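Read off the chains here:
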Amino acid sequence: MCGFSGIITNYQNNIDKNFLSTLLNHRGPDMNGFYEDENSGFKLFFNRLSIQDLSKNGNQPFIYKNLVLVANCEIYNFKNIKSLLIDKYEFKSETDSEVLIYAYKEWGDKFLDYLEGMFSIVIYNKEDKSIKLFRDRFGIKPLYYFLDDGNFIFSSEFLPIVKILKKLNKVLNFNYQSINNFIYAGYNFESSTNIKNIYKVKPSHFISLKNFEIQEIKYWELKKNKKTFNFDESLSIIENQFNVTVKNHLISDVPISILLSGGLDSSLITYFSSLNENQENLSTITINMDNEISDSEKRNISFLKKNFSIKNEILNIESKNIIKDIEKNINVFDDLQSADAGYLTNNEIAKKLSNSNCKVVLVGDGSDEIFGGYSWFGLSKFPFSILNENIKNLIYFYAISRTINFLKIKKIFNKFNQNIKNISESYFDKICKNELFSQLPNNYLMKVDKPFMKNSIEARVPYLDHKFVENVYNISNNFKLKGKTYSFSSFKKPNEKFILRQVAKKKFTNEIFNTKKKGFSISTSKLINENKDLFFEVINDNKSYIGFEDKKKITDSLYKVKESKYNPILKNREIVLWKLFLFNIWKANV
């Protein structure tokens, strides 16, 4: 797992190896590499976090004839791909990245069809001076680019592009459409970013640049097949396929840890890991935020330790430290497309893990998106199912954004609404696809990648193995969300992720397989209440951007934030307040 930044330009510039080397050292502190083509103005710097083949043979860029390649990737089936190529190409390493350059040489863009894993890949052609940027199917790994007349810049992260633009004396223009998406839509669901002309490569897409003309190509689609499975067949498919998936995700030349909350998703990862890994190499990490770990979580973890011979370490995190260094840590949000406080808590977790020389962790993200684990999947059930789709989409929008003043943000909702309507599936599958291809890559997955890679740790997501996702997608949705009607009692007795819970039921106590989701995060109301003076200072500054808000109303709401007694109006103001606070600190430091 790694990071890279590069540029191709028609103009003389002061971007050199030394400058590029400063941009992404956190993503790859072990080794680095540089490539330059003076004829085209192409420059590329690579930082390596060594996971497979720790020798210098695995360093990048890889060069073969007319091709130059760098990759931020984990390709879990690289040995199988290598076996198809080894008679024709001479390999010098045991890395997954080297396989990619020969695979591309052999199959062209179709090499993507062979890949199982997470990746962002850049391939430069020395002959025709073209560049291609490839991003994995679900956008697990970030990939950004900037394009104007005569300059193309690309990077594993957003902020290095900003620094390169500043070095080129380019004026940075804020994109307030994207910023307002961030403030009012839960996250920025578009491929644009907060700076004009900087974009995200979309999941399941690659872009091709030649003579500064760009093409965007979609290479993969999640589809339904015609075969149907009964419940027992579906249960067997999930159990067998996930066992294979977890086994593949354990491939590494460095030790692997599992983030274990004691809940359903991480417990299943732990169980299947224990079947496929020497127990002495298997360690789990549990987060105790402000000493609030529950008795049920302790019992669940104790059960797993006793029955599956795993090691467990509890990391204590104090929330008061999270906001204390916010100006120093604001860059963990990178492009600030989401305001999830999990960025900050994951950063604290990753700091502690890095101090213990941890390099790889397995996390449970992706399970809720494919098994219907969020409450808004209930919009596919009666009585919501009889509603007009515009109304359902409005409820869905509120559920993920908590925005209530729709008149202010009509344009934002209309675009979101159209995106959902463009998905030609059942309503359950519409939500599933939006969560997979919009919410995950622009929000939840980035709060995993950015904080952990900031601390030189690779996070893997077994639930998002694309073959596993395809299998789950083709299982009846009634097996995922049980019942014909929306279950208001699900807050006490879960009916979501039903079939996954049945997999767990055979292996765990009732307490584990019925556990409701709990992440490693902290409430924004707690952060606001503990730091009101700082929030007031930031929001009330004359240079602060406040979106569509009235400054007096939004600052007055500071003193009404509660941690209990849910009030939708106050909750909306709390979320907007939190986002404006983050944006204005980010804006001052970008």
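Residues numbered from 1 in each chain as written. Predicted model: local features only at pLDDT ≥ 70, side-chain atom pairs only at ≥ 80, totals over all residues. Heavy atoms only, no water.

Undergrad: Can you break down the overall build of the chain residue by residue, with the values?
TA: Along the chain, the regular secondary structure elements total 23 helices and 17 strands. Against the 2.2 N^0.38 benchmark of 25 Å for 590 residues, the chain shows a C-alpha radius of gyration of 24 Å, consistent with a compact globule. Expressed along its principal axes, the backbone C-alpha trace of the chain runs to roughly 65 × 60 × 45 Å. The buried share of the chain, reckoned over its 590 residues, is 60%. Of the contacts made within the chain by residues no fewer than 6 positions apart, 72% connect residues no fewer than 24 positions apart. One finds the centroid of the 84 positive side-chain charges in the chain at a distance of 5 Å from the centroid of its 67 negative side-chain charges. (Helix = DSSP H or I, 4+ residues; strand = E, 2+ residues; numbered from the N terminus. Rg over C-alpha atoms; globule rule 2.2 N^0.38 Å. Buried < 20%, exposed > 50% of the residue type's maximum accessible area, 1.4 Å probe, protein only. Contact = heavy atoms within 4.5 Å. Lys, Arg positive; Asp, Glu negative; His and termini not counted. Charge placed at Lys NZ, Arg CZ, Asp CG, Glu CD.)

Undergrad: How would you summarise a negative patch on the surface if you had to cite specific residues and measurements?
TA: Taken together, the side chains of Glu327, Asp533, Glu537 and Asp541 present a region of like negative charge at the surface. Mapped onto the elements of the fold, glutamate 327 is located in helix α10 (residues 326–329). (Patch = residues over 30% accessible without salt bridge, like charges linked within 9 Å, V, L, I, M, F, W, Y side chains within 5 Å. Areas by Shrake-Rupley, 256 points an atom, 1.4 Å probe, with all protein chains shown as cover. Salt bridge = Lys/Arg side-chain N within 4 Å of Asp/Glu carboxyl O.)

Undergrad: Account for the side chain of serine 130, naming residues and giving values.
TA: Inspection of the secondary structure puts serine 130 in strand β7 (residues 130–135). For serine 130, a relative accessible area of 10% corresponds to the buried category. Side chain to side chain, serine 130 and aspartate 128 meet in a polar contact 2.6 Å long. Setting aside anything within four residues of it in sequence, one finds serine 130 in contact with Ile123, Tyr124, Asn125, Leu209 and Lys210. (Polar contact = N/O pair within 3.5 Å; in protein donor to acceptor, adjacent residues only side chain to side chain.)

Undergrad: Summarise the sheet that holds strand β5 (residues 67–75); cite the residues concerned and give the values.
TA: Adjacent strands of a sheet form backbone hydrogen bonds with each other and so pair up, either parallel or antiparallel. Overall, antiparallel pairing links the 6 strands, which are arranged β4-β5-β6-β7-β11-β12 in an open sheet. Either end of the sheet is taken by a strand with one partner, and the two such strands are β4 (62–64) and β12 (213–218). Recorded for the sheet is a direction-independent mean angle of 15° between the axes of neighbouring strands. Direction of pairing for β5 relative to strand β6 (residues 117–125): antiparallel, over a ladder of 9 bridges. Of the residues in β6, the one forming a bridge with asparagine 72 is serine 120. Packed onto the sheet, helix α3 (residues 96–107) meets β4, β5, β6 and β7 and runs at close to 125° relative to β5. (Pairing = 2+ DSSP bridges. Axes fitted to C-alpha atoms, helices over the stretch in contact; angles between N-to-C directions.)

Undergrad: Outline the packing of aromatic side chains, listing residues and values.
TA: Applying the stated rule across the entire model yields 57 aromatic pairs. Each ring, one from phenylalanine 303 and one from phenylalanine 308, has its centre 6.2 Å from the other, and the planes form 80°; the classification is edge-to-face. A ring pair is formed by phenylalanine 535 and phenylalanine 581, whose centres lie 3.8 Å apart and whose planes are at 15°; its orientation type is stacked. Taken as a pair, phenylalanine 535 in helix α21 (residues 532–540) and phenylalanine 581 in helix α23 (residues 568–589) lie far apart in primary sequence, 46 residues in all. Through a chain of ring-to-ring contacts, three or more aromatic side chains come together here, namely Tyr187, Phe189, Tyr374, Trp376, Tyr396, Phe397, Phe413, Phe416 and Tyr444. For the cation-ring pair, lysine 224 lies above tyrosine 473, with the distance from its terminal atom to the ring centre recorded as 4.2 Å. Against the face of phenylalanine 182 rests lysine 579, its NZ or CZ located 5.7 Å from the ring centre. (Phe/Tyr/Trp six-rings, centres within 6.5 Å; stacked < 30°, edge-to-face > 60°. Lys NZ or Arg CZ within 6 Å of the ring centre and 35° of its normal.)

Undergrad: Any chance you could break down the pattern of salt bridges for me, citing the residues and the numbers?
TA: Taken as a whole and assessed by the stated rule, the structure comprises 32 salt bridges. The shortest N-O distance in the salt bridge between glutamate 239 and lysine 506 comes to 2.7 Å. With a gap of 267 residues between them, glutamate 239 in helix α6 (residues 231–249) and lysine 506 in the loop between α18 (498–505) and α19 (510–513) connect regions that are remote in the sequence. With a relative accessible area of 53%, lysine 506 lands in the exposed category. Within this structure, Arg27, Lys141, Glu157 and Asp449 form a network of salt bridges that share partners.

Undergrad: So what's going on with α18? Which residues, and what values?
TA: For α18, the buried fraction is high: 7 of the 8 residues fall into the buried class. When α18 is considered as a whole, its buried residues turn out to be Phe498, Ile499, Leu500, Arg501, Gln502, Val503 and Ala504.

Undergrad: Describe a nonpolar patch on the surface, and please don't skip the residues or the numbers.
TA: On the surface, Phe382, Ile386, Leu387, Ile391 and Ile395 cluster together to form a nonpolar patch covering roughly 430 Å² of accessible area. Assignment of secondary structure puts isoleucine 395 in helix α13 (residues 389–401). Overall, the relative accessible area of 30% leaves isoleucine 395 in the partly exposed class.

Undergrad: How would you summarise the side chain of asparagine 393 if you had to cite specific residues and measurements?
TA: For asparagine 393, the position within the fold is in helix α13. Judged by relative accessible area, asparagine 393 falls into the buried class, the value being 0%. In this view, asparagine 393 contacts Phe413, Phe416, Asn417, Ile420, Lys421 and Tyr427; residues no more than four positions away in its chain are not counted.

Undergrad: Account for the layout of surface pockets, naming residues and giving values.
TA: Taken as a whole, the second largest pocket encloses approximately 630 Å³ of empty space. For the second largest pocket, the lining is made up of 24 residues, of which Lys202, Asn419, Asn434, Phe437 and Ser438 are closest to its centre. Those elements that provide at least two residues to the lining of the second largest pocket are α14 (410–421) and α15 (427–444). In terms of residue count, α15 provides more of the lining of the second largest pocket than any other element does, 5 residues in total. Grouping the constituent residues of the lining of the second largest pocket by class yields 7 nonpolar, 9 polar and 8 charged. (1 Å grid on protein atoms, 1.4 Å probe; cavity = no way out; pocket = protein on both sides within 12 Å on 5 of 7 lines; lining within 4 Å. Points joined across faces, edges and corners; volume = space filled by probe spheres on them. Nonpolar A, V, L, I, M, F, W, Y, C, P; charged D, E, K, R; others polar.)

Undergrad: Please set out the sheet that holds strand β9 (residues 151–155) residue by residue, giving values where relevant.
TA: The 6 strands are arranged β2-β3-β1-β9-β8-β10 in an open sheet whose pairing can be described as antiparallel. Looking at which strands have only one partner, the edges of the open sheet turn out to be β2 (31–37) and β10 (198–200). Looking at each pair of strands side by side, their axes are set apart by 10° on average, direction ignored. Looking at chain direction, strand β1 (residues 2–9) and strand β3 (residues 42–48) are connected through 7 bridges and run antiparallel.

Undergrad: How would you summarise the packing of helix α5 (residues 176–184) against α23 if you had to cite specific residues and measurements?
TA: α23 packs onto α5 with a crossing angle of 140° between their chain directions and a minimal axis gap of 9 Å. In terms of orientation, α5 lies oblique with respect to α23. Together, Tyr176, Ile179, Phe182, Ile183 and Tyr184 of α5 and Val576, Lys579, Leu580, Phe583 and Lys587 of α23 make up the contact between the two elements. A breakdown of the residues in the contact of α5 with α23 according to their chemical character gives 8 nonpolar, no polar and 2 charged. (Parallel < 35°, antiparallel > 145°, perpendicular 65-115°, else oblique.)

Undergrad: Give me the packing of α6 against helix α17 (residues 466–473): which residues, what numbers.
TA: At a minimum axis distance of 10 Å, the contact between α6 and α17 shows a crossing angle of 170°. Judged by the inter-axis angle, α6 sits roughly antiparallel to α17. In this structure, α6 uses Ile237, Ile238, Gln241, Phe242 and Thr245 to contact α17, whose residues at the interface are Lys467, Phe468 and Asn471. Considered class by class, the residues forming the contact of α6 with α17 number 4 nonpolar, 3 polar and 1 charged.

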